[in-house]
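# Analysis of the macromolecular model
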Amino acid sequence: MLKCCGLLCFLKCVETKNGKRPTSHRYNLIPCCVPALEESEGAGRVGLAAANIQPILNFTNLIVQIKYTLYIADINSNVMNKYNILTFSILAGLLIGCKGNEKNEENNFSFDSKNLKQVYLPNESIEIKLLNPDNSAFDSIVYLNNDQRIQSAKDLSAVPYSFLNNKLGYQNFKALIYDHGKANEVNMRVELVTDVQPEIKTFTILNTYPHDQKAYTQGLEFYGEIMIESTGNGEGVGTGTKGKSSIRHVNYKTGEVLKKVELTDDVFGEGATVLNDKIYQLTWLNLEGYVYDVKTLERLKTFPYFKKIQGWGLTNDGTNLLMSDGTEKIYFMNPETFKEVDYINVYTNSSKIPAINEMEYVDGKVYANIYTTDSVAIINPKTGAVEGVIDFSSLKSKVSQHPDLDVLNGIAYNKKTGTFFITGKNWDKMFEVKIN
Ligand SMILES: [Ca+2]
């Protein structure tokens with residue numbers, strides 16, 4: 001059972017269709033548990049019926065209106081049957097972390113939360129302390145943060161803990177309380193956000209080019225002067241017209257598709273990137289990706305995902321593939337072994353930013369479409385901190401309006417011109433822009 005509290009009550013909380021929300025944990029403090037996106041079945045895809053809301057993204061004193069689209073699965077049961085998901089939207093800037101203090105079922109140990117906050121900055125520290133109201137016997141206690149051992153103790157003295165070197169995101173604290181070799185466990189969670197205040201960037205349109213209106217764009221990247229485009233077989237929001245997943249060579253100035261390899265109907269194409277003269281392409285739910293010869297589009301390899309996640313956006317930093325999965329995570333993946341190298345959690349100074357979608361790595365930063373927002377976040381790939389935001393929502397009104405017109409998704413950087421190219425799903429235009 002989900003509970004919303006305070007400001008979060010207007011947040012549309014929707015349980016996942018598959019009921020993945022854990023119920024075994026009992027949180028007895030601050031019942032503000034909003035499901036994290038990674039706990040859902042993903043944020044879905046275009047083609048789902050949508051209702052727009054306009055939450056306020058509060059970057060300290062800067063207010064940016066970003067259009068979020070709340071996908072409510074029961075609007076369209078056909079879509080639900082197809083995608084098997086329910087999603088919710090997070091009002092970034094108002095969502096603060098959930099803090100749970102799970103009492104142990106076999107004794108009354110619990111974390112002392114009276115001096116704890118829900119959200120912390122990297123330069124802050126806390127004191128973690130257990131309460132033992134029944135004076136239950138124990139031999140020793142081991143404290144952990146995100147499964148990394150902090151220290152052990154023989155008594156209930158407070159343990160200082162600094163967040164300085166931690167990844168942004170959830171900080172799951174665990175105490176293992178040992179008594180005669182048997183361990184009981186209690187948990188609590190706070191959230192670590194960045195202290196970086198995002199810069200609000202603007203853009204200037206330099207050129208407008210044709211774009212295949214049937215392209216359900218999922219990946220966009222230049223290989224020299226050829227635009228590499230990956231498309232998915234999503235359904236249009238208005239007519240239900242199904243697209244075709246593909247990998248393409250496109251003349252970006254004319255919109256002409258120069259070369260195309262289509263995927264079978266059971267494969268939903270997703271993000272794509274070029275590294276070492278190979279194209280890497282993700283699939284949404286097939287748990288596998290493909291490697292192509294960049295010039296011939298011959299498929300060279302099929303690789304499995306390193307774990308059971310969805311495939312969303314893909315880019316690379318020249319060494320590793322950077323993969324998003326619909327949550328606030330960006331994974332770094334070895335392009336040869338396809339094993340996970342590292343990951344970051346994407347955060348502003350107020351909340352996590354889920355639904356990281358199509359990405360582009362430019363000059364040491366990740367530019368990422370935030371699904372359903374028509375906006376791009378500029379992310380520090382070392383920390384996950386959002387350092388800038390560009391609101392591209394005005395572009396959508398400049399393309400031909402038709403029933404299957406869908407969200408902005410597609411960002412590519414042309415090294416030769418030093419400009420970005422932006423398009424969307426089933427958009428008939430692509431915009432060359434300069435970011436100011
Ligand atoms: Ca891209």
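One structure accompanies this document, and this report is about it. Worth saying up front: this structure is predicted, and the values here are computed from it rather than measured.

Within the chain, the secondary structure is distributed over one helix and 35 strands. Per-residue burial over the chain gives 42% buried out of 436 residues. For the chain, restricting intrachain contacts to residue pairs at least 6 apart in sequence, the fraction spanning at least 24 positions comes to 59%.

Spatially, the four strands line up as an open sheet ordered β21-β22-β23-β24, and their pairing is antiparallel. Strand pairing shows two members of the sheet lacking a second neighbour, β21 (269-275) and β24 (299-304), which therefore form its edges. Direction aside, the axes of adjacent strands within the sheet are offset by 20 degrees on average. Judged from the five bridges that link them, strand β22 (residues 278-283) and strand β23 (residues 288-293) form a sheet pairing that is antiparallel.

Glancing now at the pairing of strand β31 (residues 375-379). Counting buried residues in β31 gives four out of five residues, a clear majority hidden from the surface. In this sheet, β31 lies alongside strand β30 (residues 365-370) in antiparallel orientation, the contact comprising five bridges. Bridge pairing in β31 places Ile370 opposite Ser375. Between β30 and β31, which pair antiparallel one after the other, the connecting turn spans four residues, and Thr372 there sits at a positive phi close to 80 degrees.

Another point: the nonpolar core. Membership of the largest hydrophobic core comes to 57 residues, with the highest contact counts inside it found for Val346, Ala368, Ala377 and Ile422. If near-sequence neighbours (up to four positions away) are discounted, Ala368 is found in contact with Gly313, Ser324, Ile356, Asn357, Met359, Val376, Ala377 and Ile379. The next biggest cluster of nonpolar side chains, apart from the first, holds ten residues, and it includes Phe109, Phe111, Ala175 and Met188.

This paragraph deals with unusual backbone geometry. The phi angle of most residues is negative, glycine excepted, and most peptide bonds adopt the trans form. Phi at Asn146 takes a positive value of approximately 45 degrees, unusual for a residue other than glycine. Along the chain, the position of Asn146 falls in the loop between β10 (140-145) and β11 (148-153). Phi at Asp363 takes a positive value of approximately 50 degrees, unusual for a residue other than glycine. Secondary-structure assignment places Asp363 in the loop between β29 (356-362) and β30.

Right, let's get into the environment of Gly289. Tracing the backbone shows Gly289 in strand β23. Considering only alpha carbons, one finds Gly289 and Gly271, 18 residues apart in sequence, at a separation of 9.6 Å. With sequence-adjacent residues up to four places away left out, Gly289 is seen in contact with Tyr280, Gln281, Leu282, Thr283, Phe303 and Gly311.

Position of Ala175 relative to the elements: it lies in strand β13 (residues 169-179). What makes Ala175 buried here is the crowd of 24 C-beta atoms within 10 Å. C-alpha separation for the pair Ala175 and Leu130, spaced 45 residues apart in sequence, amounts to 8.2 Å. The contacts of Ala175, once residues within four sequence positions are left out, are Leu130, Ile141, Tyr143, Glu185 and Val186.

Here we take up the environment of Glu340. On the secondary structure map, Glu340 appears in strand β28 (residues 340-345). Taking the C-alpha atoms as reference points, Glu340 and Asn320, separated by 20 residues in sequence, lie 9.5 Å from one another. Apart from residues lying up to four places away in sequence, Glu340 is in contact with Phe306, Tyr331 and Met333.

Here the focus is the pairing of strand β34 (residues 419-424). The element β34 is largely enclosed, with a buried count of five among its six residues. Both strand β33 (residues 408-414) and β34 contribute to a ladder of five bridges, which runs antiparallel. Within β34, the position partnered with Ile411 by the bridge is Ile422. The hairpin formed by β33 and β34 contains four residues between the paired strands, and Gly418 there has a positive phi angle of roughly 70 degrees. Relative to strand β35 (residues 429-435), β34 runs antiparallel, the two sharing three bridges. Bridge pairing in β35 places Phe421 opposite Glu432. Counted between consecutive antiparallel strands, the loop separating β34 from β35 contains four residues, among which Asn426 sits at a positive phi close to 65 degrees.

This paragraph deals with the sheet that holds β28. Within a sheet, each strand pairs with its neighbour through backbone hydrogen bonds, oriented either parallel or antiparallel. Ordered in space as β25-β26-β27-β28, the four strands form an open sheet in which the pairing is antiparallel. Only two strands of the sheet have a single partner each, and these edge strands are β25 (314-316) and β28. In this sheet, adjacent strand axes meet at a mean angle of 25 degrees when their direction is disregarded. Bridge count between strand β27 (residues 329-333) and β28: five bridges; the pairing is antiparallel. Opposite Met333, over in β28, you have Glu340 as the bridge partner.

Definitions and cut-offs
Residues numbered from 1 in each chain as written. Predicted model: local features only at pLDDT ≥ 70, side-chain atom pairs only at ≥ 80, totals over all residues. Helix = DSSP H or I, 4+ residues; strand = E, 2+ residues; numbered from the N terminus. Buried ≥ 20, exposed ≤ 12 C-beta atoms within 10 Å, placed from the backbone. Contact = placed C-beta atoms within 7 Å. Pairing = 2+ DSSP bridges. Axes fitted to C-alpha atoms, helices over the stretch in contact; angles between N-to-C directions. Core = buried A, V, L, I, M, F, W, Y, C linked by C-beta atoms within 7 Å.

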